[in-house]
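# Chains, contacts and geometry: an overview
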Amino acid sequence: MFRLILSRALQAFAVVFFLFTLTFFAIRAIPGDPLSTDDKSMPDHVKEKIEAYYGLDQPLIVQYGRYVKNVIQGDLGLSTSKPGRSVNEIIAQSLPASILVGIGGIAVAILVGIPMGVLAALRKNSWIDYTSMAIAMIGICVPTFVLGPLLQLWIAAKTDWINVAGWDTFADIILPSITLGIGSAAYLARLTRGGMLEILSQDYIRTARAKGVPMIPIIIKHTLRGAMMPAVTFLGPAFAAIITGSFIVETIFQIPGMGQHFVNAVTSKDYALLQGLVIFYGFLMAGANLLVDIALVLLNPRLREAN
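These numbers come from a predicted model, not from an experiment. (Residues numbered from 1 in each chain as written. Predicted model: local features only at pLDDT ≥ 70, side-chain atom pairs only at ≥ 80, totals over all residues. Heavy atoms only, no water.)

### Description of the pattern of salt bridges
Tallied over the entire structure, the rule returns 3 salt bridges. Of the charged contacts in the structure, one is a salt bridge between Arg193 and Asp129, with a shortest N-O distance of 2.8 Å. With Arg193 in helix α7 (residues 174-200) and Asp129 in helix α5 (residues 127-141), the pair connects residues that are 64 residues apart, well separated along the chain. Both residues of the pair, Arg193 and Asp129, count as buried. Note that Asp203 and Arg206 form a salt bridge whose closest N and O atoms lie 2.8 Å from each other. (Salt bridge = Lys/Arg side-chain N within 4 Å of Asp/Glu carboxyl O. Helix = DSSP H or I, 4+ residues; strand = E, 2+ residues; numbered from the N terminus. Buried < 20%, exposed > 50% of the residue type's maximum accessible area, 1.4 Å probe, protein only.)

Listed below in structure tokens is the structure:
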């Protein structure tokens, strides 16, 4: 297990380093710079002083080396679109909202998708199976920027305890979580159904049923452990994707999360902020994949020998 964690951690650092390096040079290849936008026109001598303050007057390779050194020390730099604020401060302030929405979204995915997939597998080729998979397909096809406004219209506009938009009460997490979680729930339902059907067709399951073992113990003790492996494999990247993919949802529901900063960083060419968010999201995705690998080994000990 230690070797597995160490191997995956080293791979994660390598991937994040490559992603950071690619982002560093790619954003600087875009025409313009953080200080030359229309709303930041200024005299040349003022611009030169500001460039010197942010280190933008140095050669590109010098900027890269300096930024790598600062990142190693935990300093993600200063934002040019939000003067006087560090990237660390911006991420720390907006992270809780994004994490809460992400946890809510993954909870919706698990609570809806897995039971739906199990039920569909147990009632294979019945109306329950067809209805569940049809609902799952609709969940996959409907994008979040359509589902979000529909939930605002159908639910929030007709209730007094859920706001149409905003981040004032705990109830405001409900609709964004549903919006983000439905798509993942649909994928989970299909993966769980496929995994369940594969395990249910195994000889040891037939033997247990032939011996008269009740279906519920068969499902809990013998089926779910193996059937959950495809779903667990999906859950790790899904959690990171829900957080990183919440830009539109945060805009629709006016959530003060990190999505708004990512979009603003791109449009304003805020190098430090964009790079900081890319590093954070990269480590988030790597961490989620590491947890998935550990969970898969716990579910299937034979994978320890393969690693």
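### Quick look at the environment of Asp203
Here Asp203 is to be found in helix α8 (residues 203-210). The spacing of Asp203 and Leu291 is 88 residues in sequence and 31 Å in space, taken between C-alpha atoms.

### Description of the environment of Ser132
By the element assignment, Ser132 lies in helix α5. You can call Ser132 buried: its relative accessible area is 9%. The spacing of Ser132 and Ala121 is 11 residues in sequence and 9.9 Å in space, taken between C-alpha atoms. Setting aside residues no more than four positions away along its own chain, Ser132 makes contact with Met116 and Ala120. Within polar-contact distance, the side chain of Ser132 engages the backbone oxygen of Ile128 at 2.8 Å. (Contact = heavy atoms within 4.5 Å. Polar contact = N/O pair within 3.5 Å; in protein donor to acceptor, adjacent residues only side chain to side chain.)

### Observations regarding the UniProt feature "transmembrane region" (unreviewed entry) in the chain
Mapped onto this numbering, the UniProt entry annotates "transmembrane region" (unreviewed entry) at residues 12-30, 99-122, 134-157, 169-189, 231-253 and 273-299. End-to-end, the C-alpha atoms of residues 169-189 are 31 Å apart, and along that stretch the chain is 76% helix and 0% strand. With 100% helix and 0% strand, the stretch residues 273-299 has end C-alpha atoms that lie 39 Å from each other. (UniProt positions renumbered as here; feature names shortened; annotations may be inferred.)

### What to know about a nonpolar patch on the surface
Taken together, Ile138, Val142, Phe145, Val146 and Ile248 make up a surface patch of nonpolar side chains, about 420 Å² in accessible area. Tracing the chain through its elements places Phe145 in helix α6 (residues 144-154). (Patch = residues over 30% accessible without salt bridge, like charges linked within 9 Å, V, L, I, M, F, W, Y side chains within 5 Å. Areas by Shrake-Rupley, 256 points an atom, 1.4 Å probe, with all protein chains shown as cover.)

### Considerations on the nonpolar core
Grouped together as the largest cluster of nonpolar side chains are 36 residues, with contacts concentrated most on Leu175, Leu188, Met196 and Phe253. Those elements giving two or more residues to this core turn out to be α4 (87-122), α6, α7, α8, α9 (215-244), α10 (247-252) and α12 (271-299). Tallying contributions element by element places α9 first for this core, with 9 residues. Those residues within four positions of Leu175 in sequence are excluded, and the remaining contacts are Leu151, Gln152, Ile155, Ala156, Ile162 and Phe253. Residues Leu76, Ala240, Leu277 and Leu284 belong to the second largest nonpolar core, which totals 25 residues. (Core = buried A, V, L, I, M, F, W, Y, C linked by side-chain atoms within 4.5 Å.)

### So, the side chain of Lys269
Mapped onto the elements, Lys269 comes out in the loop between α11 (258-267) and α12. For Lys269, a relative accessible area of 17% translates into the label buried. Not counting residues within four places of it along the chain, the set of residues in contact with Lys269 comprises Ile30, Pro31, Gly32, Asp33, Pro34 and Thr80.

### Quick notes on unusual backbone geometry
In this structure, Asn125 takes a positive phi of about 65° despite not being glycine. Relative to the helices and strands, Asn125 is located in the loop between α4 and α5. Given a relative accessible area of 47%, Asn125 falls into the partly exposed group. Positive phi outside glycine occurs at Lys269, with the angle close to 55°.

### A closer look at the environment of Arg123
Looking at the element boundaries, Arg123 is found in the loop between α4 and α5. The exposure class of Arg123 is partly exposed, given its relative accessible area of 44%. Leave out the neighbours within four places in its chain, and Arg123 touches Ile128 and Asp129.

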